[in-house]
Amino acid sequence: MGKGASLETGFKAAVHLGADIIVTMDSRGRHNPEDILRLIDPIITGGADVVNGTRYLNSVSRNTPVYRRVRQTILGRFANKKSDKTRGSQVTFRAFTASKKDIIHFDVQDLAIESEMLANAGKSGLRIKEVEIGTHYNFEDPVQAPGKYVLGVLRTVVRDIEVNKPLYFYAVPGFALATCGFCMGLKFLEASVLGIESLHFWHVLLMIFLSVSGVYMTVKGIVMHSLVEVVQTEAT
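Keep in mind the model is a prediction, meaning the values are calculated, not measured. (Residues numbered from 1 in each chain as written. Predicted model: local features only at pLDDT ≥ 70, side-chain atom pairs only at ≥ 80, totals over all residues. Heavy atoms only, no water.)

Q: Just to check I follow, could you spell out the overall build of the protein for this structure?
A: Per the secondary structure count, the protein includes 7 helices and 4 strands. Reading the protein from its N end, one meets helices and strands in the order α-β-α-β-α-β-α-β-α-α-α. The buried share of the protein, reckoned over its 236 residues, is 40%. Taking the intrachain contacts of the protein between residues at least 6 apart in sequence as the baseline, contacts between residues at least 24 apart amount to 76%. Working note: accessible area of the protein is about 13800 Å², and carbon and sulfur atoms make up 63% of it. (Helix = DSSP H or I, 4+ residues; strand = E, 2+ residues; numbered from the N terminus. Buried < 20%, exposed > 50% of the residue type's maximum accessible area, 1.4 Å probe, protein only. Contact = heavy atoms within 4.5 Å. Areas by Shrake-Rupley, 256 points an atom, 1.4 Å probe, with all protein chains shown as cover.)

And the structure:
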């Protein structure tokens, strides 16, 4: 059911077992368990509700493959627009106060889940702190082709815009298409009335397609935007 559903299952199991703090880690041994004590310390001392482990608190890690740094940069910029400024929006090594787990949403099922979790925490007023951690890449792991990897990131960004900014994704281009269709219709009608030229089937079909598609996208964008506003209001 995806990464989001897996994380949600793990969070529920941890709370059921009586955990006070929930820690998430990379599943392929890229994080050192010895860093857990440093990660959970701000929660234990009462200084944070969510602690984000980052490799870039003081400097950029050159051990990370270049195409992975591209992913982190792109998704990080989108995460920073939705939450407090964080350097490691894509890091999976994090600690959460178990009592705040219901504030975190797990709707996203792909690479954007990490940034979305931070966005939920930031919007809900949870205290987020960052601590520096180390990362050890195991180059025996299967390596995805960089081009395919970056395309996957771009698809994630597009889906993120679709879900969180439907007005930009649907309504704006939809309004542009509808405007083009209506302008074509007026031009064709004027030409037909004045006898300048006769209407052609393909021109009429294109005009109808642009107008209907544009109106549909505009309405969809407005409706989705209203739903997003309702969900965000309920979350806060």
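Q: Help me understand a nonpolar patch on the surface in this model?
A: Judged by side-chain polarity, Phe182, Val215, Val219, Val223 and Leu227 come together as a nonpolar surface patch covering roughly 450 Å² of accessible area. Of the residues forming the nonpolar patch, the biggest block, 4 residues, is contributed by helix α7 (residues 201-235). Turning to its location among the elements, leucine 227 is positioned in helix α7. (Patch = residues over 30% accessible without salt bridge, like charges linked within 9 Å, V, L, I, M, F, W, Y side chains within 5 Å. Salt bridge = Lys/Arg side-chain N within 4 Å of Asp/Glu carboxyl O.)

Q: Explanation requested: the pairing of strand β1 (residues 21-24) in the structure shown.
A: In regular strands, side chains alternate between the two faces of the sheet. Across the two faces of β1 the burial differs, with Ile22 and Thr24 buried and Ile21 and Val23 not buried at all. As defined by bridge partners, β1 adjoins strand β3 (residues 94-97) across 4 bridges and the pair is classed as antiparallel. Residue pairing in the sheet places isoleucine 22 in a bridge with phenylalanine 96 of β3. (Pairing = 2+ DSSP bridges.)

Q: What is the right way to read the sheet that holds strand β2 (residues 50-54) from this model?
A: The strands that make up a sheet are held in pairs by hydrogen bonds between backbone atoms, and each pair lies either parallel or antiparallel. If you trace the 4 strands from one edge of the open sheet to the other, you get β1-β3-β2-β4, paired in mixed fashion. The sheet is open, and its two borders are formed by β1 and β4 (128-132), each paired with just one other strand. If you compare each strand with its neighbour and ignore which way they point, the axes differ by 20 degrees on average. Packing against the sheet, helix α1 (residues 3-16) makes contact with β1 and β3, and its axis sits at approximately 150 degrees to β1. (Axes fitted to C-alpha atoms, helices over the stretch in contact; angles between N-to-C directions.)

Q: Is there a simple way to think about the nonpolar core in this case?
A: One recurring pattern in soluble globular proteins: nonpolar side chains tend to sit buried together. Core analysis: the largest hydrophobic core is formed by 14 residues, its most contacted members being Phe11, Ile22, Val50, Phe96, Ile104, Phe106 and Met117. Every element with two or more residues in this core is listed here: α1 and α4 (113-123). At 4 residues, α4 tops the list of elements feeding residues into this core. What isoleucine 22 contacts, discounting residues up to four positions off in sequence, is Phe11, Ala14, Val15, Arg94, Ala95, Phe96 and Ala98. With 10 residues, the next largest nonpolar core counts Leu39, Val51, Val91 and Ala95 among its residues. (Core = buried A, V, L, I, M, F, W, Y, C linked by side-chain atoms within 4.5 Å.)

Q: Is there a simple way to explain the pattern of salt bridges in this structure?
A: Once their charged atoms are close, side chains differing in charge can pair, the charge on each being opposite to the other. Taken as a whole and judged by the stated rule, the model has 4 salt bridges. The partner of lysine 12 in a salt bridge is glutamate 8, with the nearest N and O atoms 3.7 Å apart. Taken together, the residues lysine 12 and glutamate 8, both in helix α1 and 4 residues apart, mark about one turn of the helix.

Q: I would appreciate a short explanation of the pairing of β3 in the present structure.
A: Neither face of β3 is open: one carries Arg94 and Phe96, the other Ala95 and Thr97, and all of them are buried. Inspection of the sheet shows β2 paired to β3 by 3 bridges, in the antiparallel sense. Opposite valine 51, over in β3, you have alanine 95 as the bridge partner.

Q: Hey, could you run me through the environment of leucine 7 in this one?
A: On the secondary structure map, leucine 7 appears in helix α1. Each C-alpha atom, one on leucine 7 and one on phenylalanine 106, is 7.3 Å from the other, the two residues being 99 residues apart in sequence. Here leucine 7 is in contact with Thr24, Phe106, Ile113 and Met117, once residues within four sequence places are set aside.

Q: Honestly, the packing of aromatic side chains in this entry has me stumped. Any pointers?
A: Any two aromatic rings considered together are summarised by their centre-to-centre distance and by the angle between their planes. Considering all chains together, one arrives at 2 aromatic pairs under this definition. Look at phenylalanine 11 and phenylalanine 96: their rings are 5.1 Å apart centre to centre, the planes differ by 65 degrees, and that puts the pair in the edge-to-face class. Highlighted residues: phenylalanine 11 in helix α1 and phenylalanine 96 in strand β3, separated in sequence by 85 residues. Taken as a pair, phenylalanine 11 and phenylalanine 96 share a single burial class, namely buried. Measuring from ring centre to ring centre gives 4.9 Å for phenylalanine 169 and tyrosine 170, while their planes differ by 80 degrees; the resulting arrangement is edge-to-face. A relative accessible area of 27% places phenylalanine 169 in the partly exposed class. By relative accessible area, which is 10% here, tyrosine 170 ends up buried. (Phe/Tyr/Trp six-rings, centres within 6.5 Å; stacked < 30°, edge-to-face > 60°.)

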